[in-house]
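Close look at the chain arrangement
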Amino acid sequence: MIDLKDIVVKFGDFEALHHINVDVKEGEFFTFLGPSGCGKTTTLRTITGFIEPVSGTVSVNDVDITNVPIEKRNIGIVFQSYALFPTMTVEDNIAFGLKLKHMSKSEINDKVQEIARKVDLSDAQLKKAVSQLSGGQQQRVAIARALVTGPSIICMDEPLSNLDAKLRVQLRNELKKMQREFGITTIYVTHDQEEALTLSDRIAVFNKGYIEQIGTPNEVYNHSRTEFVCNFIGDINRLGKEIADKMKLNPNQNHFIRLERVRVNNVKNDGALQLKGVIESREYYGLYIKYYINLGDQTIKAIEKNDGINIYEAGEEVTVCLHPADIMSYDVQNA
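**Regarding the packing of aromatic side chains**
What the rule picks out here adds up to 9 aromatic pairs. Ring geometry for Phe 228 and Phe 232: centres 5.6 Å apart, planes at 10°, overall stacked. Highlighted residues: Phe 228 and Phe 232, both in helix H9 (residues 227–232), separated by 4 residues, approximately one helical turn. Given a relative accessible area of 22%, Phe 228 falls into the partly exposed group. Between Tyr 291 and Tyr 312, the aromatic rings sit 5.5 Å apart at their centres with planes inclined by 50°, giving tilted as the arrangement. Here Tyr 291 is found in strand S15 (residues 288–294), whereas its partner Tyr 312 is found in the loop between strand S16 (299–305) and strand S17 (317–322), with 21 residues between them in sequence. Its relative accessible area of 0% is what places Tyr 291 among the buried residues. Through a chain of ring-to-ring contacts, the aromatic side chains of Phe 30, Phe 32 and Phe 206 assemble into a single cluster.

So, in structure tokens, the structure goes:
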């Protein structure tokens, strides 16, 4: 569907993207994930036509669109700021792209009504000025405006970042539901790891203008290809030398284990290393509890499901089990 081949983007002497290669499948929810300044938005803007690469090609359905004007790419765009017209009604905002296509009033009205129903905007809200709507409602308007022209692709640049945490969770679920219903190929940019893992079919993890890994949420989380991905996706423990030596791990590598893979007082005869530790402190999250456990040579973090019964107190001695199969290891020079 969307094929980026050896994309290089420069701003003056600064090379922002270094030979980016991405292949997005039709109907896929594909996320560009990474910290600020890593190149994810630059890549999105290259796809939409706001940025022209110095080399490489952007293709859609095997058609090279690298030099095609923005308005002829048939790509819907939802900006971080939504870029809505605050004094115009919701209806007029959604209809804006249709009017540029010189459609008839009746056709525009039918399309606006149809898309409004699909994104859960009422007739009363359509008549309001955008400035009168909540952040979540404005986000729906931005999505409706991007979809109403019938694009084959929709690109979203951090569309939830201006919302409060509770609304972000609510709307990301709605976003995924809408994307499935429309079946539209979606490119989504975010720095939020949880958002990426929740929404995506596949994720490209960016770092300093390079792609470190492309994979499913499970692949990038449980089988992180590089040390950067391992550290950036979720919380992690880096094992100290004493533990690494006890587990006979390669001394020329750095070794990591996810918090939920650290077993607390769950001893099995399965080859896991067993270590005595003392609970330093805990963080209570409701569904789970995060423990900080002193193992003597280092403090390790563990997440345990909250069953309301086995809750450990500071100062309590526990047995920590680390299984070799749960360790992710990376050559030191790749750090």
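**Structural notes on the nonpolar core**
In terms of nonpolar packing, the biggest core is built from 35 residues, with Val 90, Ile 94, Ile 143 and Leu 175 touching the most fellow members. Elements with a contribution of two residues or more to this core: helix H2 (90–100), helix H3 (105–118), helix H5 (135–147), strand S7 (153–157) and helix H6 (165–182). Leave out the neighbours within four places in its chain, and Val 90 touches Leu 121, Gln 125, Leu 126, Lys 128, Val 130, Leu 133 and Val 141. Grouped together as the second largest cluster of nonpolar side chains are 27 residues, Ile 2, Ala 16, Val 22 and Val 58 included.

**Here's the deal with the sheet that holds strand S18 (residues 328–331)**
Taken together, 3 strands build an open sheet; the order of strands is S11-S12-S18 and the sheet is antiparallel. Looking at the sheet topology across the chains shown, the edges are occupied by strand S11 (236–238) and S18. Averaged over all neighbouring strand pairs, the angle between strand axes comes to 30°, with direction disregarded.

**What to know about the environment of Cys 230**
Tracing the sequence through the fold places Cys 230 in helix H9. Accessibility expressed as a relative area gives 0% for Cys 230, which makes it buried. If we skip the residues at most four places from it in the chain, Cys 230 touches Ser 224, Ile 236, Phe 256, Arg 258, Met 328 and Tyr 330.

**Things to note about the pattern of salt bridges**
When the charged atoms of two side chains with opposite charge come close together, those side chains can pair. The final tally for this structure, using the stated rule, is 13 salt bridges. Asp 201 is the salt-bridge partner of Lys 176, the closest N and O atoms lying 3.5 Å from each other. With Lys 176 in helix H6 and Asp 201 in the loop between helix H7 (193–199) and strand S9 (202–207), this pair connects stretches of sequence that are 25 residues apart. Exposure remark for Lys 176: the relative accessible area of 8% places this residue in the buried category. Two residues, Lys 301 and Asp 235, come together in a salt bridge whose shortest N-O distance is 2.8 Å. One end of the pair, Lys 301, is in strand S16; the other, Asp 235, is in the loop between H9 and S11, and 66 residues separate them in sequence. With a relative accessible area of 19%, Lys 301 lands in the buried category. For Asp 235, a relative accessible area of 30% corresponds to the partly exposed category. Taken together, the salt bridges that share partners define one network made up of Asp 235, Glu 283, Lys 290 and Lys 301.

**Some remarks on the packing of H2 against H5**
Contact geometry for H2 and H5: axes closest at 7 Å, N-to-C directions at 30°. On the basis of the axis angle, H2 is roughly parallel to H5. H5 is crossed by H2, and the crossing has right-handed handedness. Taken together, the residues of H5 that come into contact with H2 (itself represented by Val 90, Asn 93 and Ile 94) are Val 141, Ala 144 and Arg 145. For the contact of H2 with H5, the residue count by class is 4 nonpolar, 1 polar and 1 charged.

Cut-offs applied
Residues numbered from 1 in each chain as written. Predicted model: local features only at pLDDT ≥ 70, side-chain atom pairs only at ≥ 80, totals over all residues. Heavy atoms only, no water. Phe/Tyr/Trp six-rings, centres within 6.5 Å; stacked < 30°, edge-to-face > 60°. Helix = DSSP H or I, 4+ residues; strand = E, 2+ residues; numbered from the N terminus. Buried < 20%, exposed > 50% of the residue type's maximum accessible area, 1.4 Å probe, protein only. Core = buried A, V, L, I, M, F, W, Y, C linked by side-chain atoms within 4.5 Å. Contact = heavy atoms within 4.5 Å. Pairing = 2+ DSSP bridges. Axes fitted to C-alpha atoms, helices over the stretch in contact; angles between N-to-C directions. Salt bridge = Lys/Arg side-chain N within 4 Å of Asp/Glu carboxyl O. Parallel < 35°, antiparallel > 145°, perpendicular 65-115°, else oblique. Left-handed = near helix turned anticlockwise from the far one by under 90°. Nonpolar A, V, L, I, M, F, W, Y, C, P; charged D, E, K, R; others polar.

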